[in-house]
Amino acid sequence: MRWATLYARSRQLPAAFAALVVATAVLWFVARGSWSPVPVMLTLTAGIAVAAIGLSGQDLDLDRIAALPWPVRRLVHLTLIGLAAGGAVLAVQELGMAIVDLSLIARDTAGLLGLAGLAATLAGGQFGWTLPLLWAAITPFVQNDGSTTSHIVGWMLQPPGAPAATWTAVVVGVAGVVAYTGWGGRR
């Protein structure tokens, strides 16, 4: 077997991809008549959360002594999760009449991906789902009073082009990708 196949199997990528597709399809089916930023946020969160569970392997000692460098693999793995989740949302929204702006989907995907990377780095790969899910659970309850704090905490539901929301997603995204790529899942 090639290393890519072994890596995919050790990270449960086939199961994660199937769960991502099923979660996206179910959430789109439920919200197809009212497709808006809220269902998009939920769909992206579900897709990234189910795929982020595999951000660490089964054997941590084997991960540490691998002959090939892990940072490149980690970066590719995280990037593929983001592309799959964002691509799935873009694909299902084409089936309906309502279209959510691409910049909002890209911003939310980047931020959620960073949160998954941070959670995997801090708590371990099997807990990569926790921070994206926690932030998505809080976001709808943030009162949008126009303050910078509400734009930062509720960044996932802010309109495209909101500077505080965009910068929050960029900072969280870069921090999570750099942390996970450099250090990997917690041991």
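The paragraphs below set out a description of the structure included in this document. (Residues numbered from 1 in each chain as written. Predicted model: local features only at pLDDT ≥ 70, side-chain atom pairs only at ≥ 80, totals over all residues. Heavy atoms only, no water.)

Quick word on the packing of helix α2 (residues 13-31) against helix α5 (residues 70-93)
Relative to each other, α2 and α5 sit at 30°, their axes nearing to 10 Å. When the interaxial angle is binned, α2 and α5 end up roughly parallel. The two elements α2 and α5 meet at a crossing, and its hand is right-handed. Here Leu-13, Leu-20, Thr-24 and Trp-28 of α2 lie close against α5, whose contacting residues are His-77, Ala-84, Ala-85, Ala-88, Val-89, Val-92 and Gln-93. Looking at the contact of α2 with α5, its residues break down into 8 nonpolar, 3 polar and no charged. (Axes fitted to C-alpha atoms, helices over the stretch in contact; angles between N-to-C directions. Helix = DSSP H or I, 4+ residues; strand = E, 2+ residues; numbered from the N terminus. Parallel < 35°, antiparallel > 145°, perpendicular 65-115°, else oblique. Left-handed = near helix turned anticlockwise from the far one by under 90°. Contact = heavy atoms within 4.5 Å. Nonpolar A, V, L, I, M, F, W, Y, C, P; charged D, E, K, R; others polar.)

Things to note about the packing of helix α3 (residues 37-52) against α5
Helix-helix packing is characterised by the crossing angle of the two axes and by the distance between the axes. The geometry of α3 relative to α5 is characterised by a closest axis approach of 9 Å and an angle of 145° between their N-to-C directions. Our pair here, α3 against α5, has a crossing hand that is right-handed. For the pair formed by α3 and α5, the contact residues are Val-40, Thr-43, Leu-44, Gly-47, Ile-48, Ala-51 and Ala-52 on the first element and Ile-81, Ala-85, Gly-86 and Val-89 on the second. A breakdown of the residues in the contact of α3 with α5 according to their chemical character gives 8 nonpolar, 3 polar and no charged.

Note that every value here comes from positions in space, so none of it alone points to a role or purpose.
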